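Structure at a glance
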Amino acid sequence: MKINVIIIDKKGKDQLYVPLIEHYRKIAKPFARVEVIELFDKEITKAQEISADAAQRAYGKAMEKYLSGGYHIALDPSSKEVDSFEFANLLKDRGVVNFYIGGAYGFERDFLSKCDKAVSFGKITLSHKLVKVVLLEQIFRGLSINNNHPYHK
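Residues numbered from 1 in each chain as written. Predicted model: local features only at pLDDT ≥ 70, side-chain atom pairs only at ≥ 80, totals over all residues. Heavy atoms only, no water.

Some words on the overall build of the protein
Counting its secondary structure elements, the protein contains six helices and five strands. Secondary structure elements of the protein occur, N-terminal to C-terminal, as β-α-β-α-α-β-α-β-α-β-α. Against the compact-globule benchmark of 15 Å for 153 residues, the protein has a radius of gyration of 15 Å, which places it among compact chains. The C-alpha extent of the protein, read off along each of the three principal axes, is 50 × 30 × 30 Å. Burial status across the protein gives 46% buried among its 153 residues. The contacts in the protein between residues at least 6 apart in sequence include a share of 83% that link residues at least 24 apart. As displayed, the protein offers around 8,300 Å² of accessible surface, 52% of which is attributable to carbon and sulfur atoms. Computed over 24 positive and 19 negative side-chain charges, the inter-centroid distance for the protein is 4 Å. (Helix = DSSP H or I, 4+ residues; strand = E, 2+ residues; numbered from the N terminus. Rg over C-alpha atoms; globule rule 2.2 N^0.38 Å. Buried < 20%, exposed > 50% of the residue type's maximum accessible area, 1.4 Å probe, protein only. Contact = heavy atoms within 4.5 Å. Areas by Shrake-Rupley, 256 points an atom, 1.4 Å probe, with all protein chains shown as cover. Lys, Arg positive; Asp, Glu negative; His and termini not counted. Charge placed at Lys NZ, Arg CZ, Asp CG, Glu CD.)

And the structure:
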């Protein structure tokens, strides 16, 4: 199984969470290959200075090339909240799963409609860097549930 976490984020800018990200990628290896793909370019920078709508369009445009093949799940705070077992079911029996984390302004409806599913981790606001760590932990937890690994207990 292959899992991609595609995020609007500046590469290597903040090293605080890197050890945790690498930890979860490493312990998930028996179950899946987990890749983190960070996207940020001049178009996104420029769009964020214009408006929230422009930023959302820029995020969608940057991520659009990843929408071919696999099962696509966007993280969106206004979507349905899932518990760990529902989350695990999203991973079950899939070859490739792509998770999308938007930038500061989230995703436009058009991008969300191109995904197979959109889920929320709750109503609180988290930085997208912290959401990346939370998502990786939930990926490992979901893989553990699906593979009867004791981590979840």
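Right, picking up where we left off after that structure.
Describing the pairing of strand 1 (residues 2-8)
Moving residue by residue along a regular strand, the side chains alternate between the two faces of the sheet. Extensive coverage of strand 1 is indicated by the burial of seven of its seven residues. Pairing of strand 1 with strand 4 (residues 96-101), which is carried by six bridges, proceeds in the parallel orientation. Counted as the bridge partner of K2 is V96 from strand 4. (Pairing = 2+ DSSP bridges.)

Re the environment of L130
If you trace the backbone, L130 turns up in helix 6 (residues 128-146). Residues L130 and I21, spaced 109 residues apart in sequence, show a C-alpha to C-alpha distance of 10.0 Å.

Topic: the packing of helix 2 (residues 42-50) against helix 3 (residues 52-63)
With their axes 7 Å apart at the nearest point, helix 2 and helix 3 run at an angle of 160° to one another. Taken together, helix 2 and helix 3 sit at an angle that is classed as roughly antiparallel. Only A54, A55, A58, Y59, K61 and A62 of helix 3 make contact with helix 2, whose side of the interface consists of E43, I44, A47, Q48 and I50. By residue class, the composition of the contact of helix 2 with helix 3 is eight nonpolar, one polar and two charged. (Axes fitted to C-alpha atoms, helices over the stretch in contact; angles between N-to-C directions. Parallel < 35°, antiparallel > 145°, perpendicular 65-115°, else oblique. Nonpolar A, V, L, I, M, F, W, Y, C, P; charged D, E, K, R; others polar.)

Observations concerning the environment of G60
Along the polypeptide, G60 turns up in helix 3. Overall, G60 belongs to the buried group, its relative accessible area being 7%. Between the alpha carbons of G60 and S113 there is a distance of 11 Å; along the sequence they are 53 residues apart.

Focus: the nonpolar core
I3, F87, F99, L135, I139 and L143 are the most contacted members of the largest nonpolar core, which has 28 residues in total. Broken down by element, this core gets its largest block of residues, seven residues, from helix 6. Apart from the residues lying within four places of it in its own chain, the contact partners of I139 are I3, V5, V34, F87, L91 and F99. (Core = buried A, V, L, I, M, F, W, Y, C linked by side-chain atoms within 4.5 Å.)

Points about the packing of helix 4 (residues 84-91) against helix 6
The relative placement of two packed helices comes down to the angle between their axes together with the axis-to-axis distance. One can describe the packing of helix 4 onto helix 6 by two numbers: an axis separation of 8 Å at closest approach and a directional angle of 80°. If you check the angle between helix 4 and helix 6, you find them roughly perpendicular. Facing S84, F85, F87, A88, N89 and L91 of helix 4, the residues of helix 6 in contact are L135, Q138, I139, R141, G142, L143, I145 and N146. Partitioned by chemical class, the residues of the contact of helix 4 with helix 6 number eight nonpolar, five polar and one charged.

Looking at helix 6
Here helix 6 contains 19 residues, and its C-alpha end-to-end distance of 26 Å stays within 8% of the 27 Å for a straight helix at 1.5 Å per residue. Burial runs high along helix 6: 15 of the 19 residues are buried. Looking one or two residues past helix 6, N148 carries a phi angle of roughly 50°, positive in sign. (Expected span 1.5 Å × (residues − 1).)

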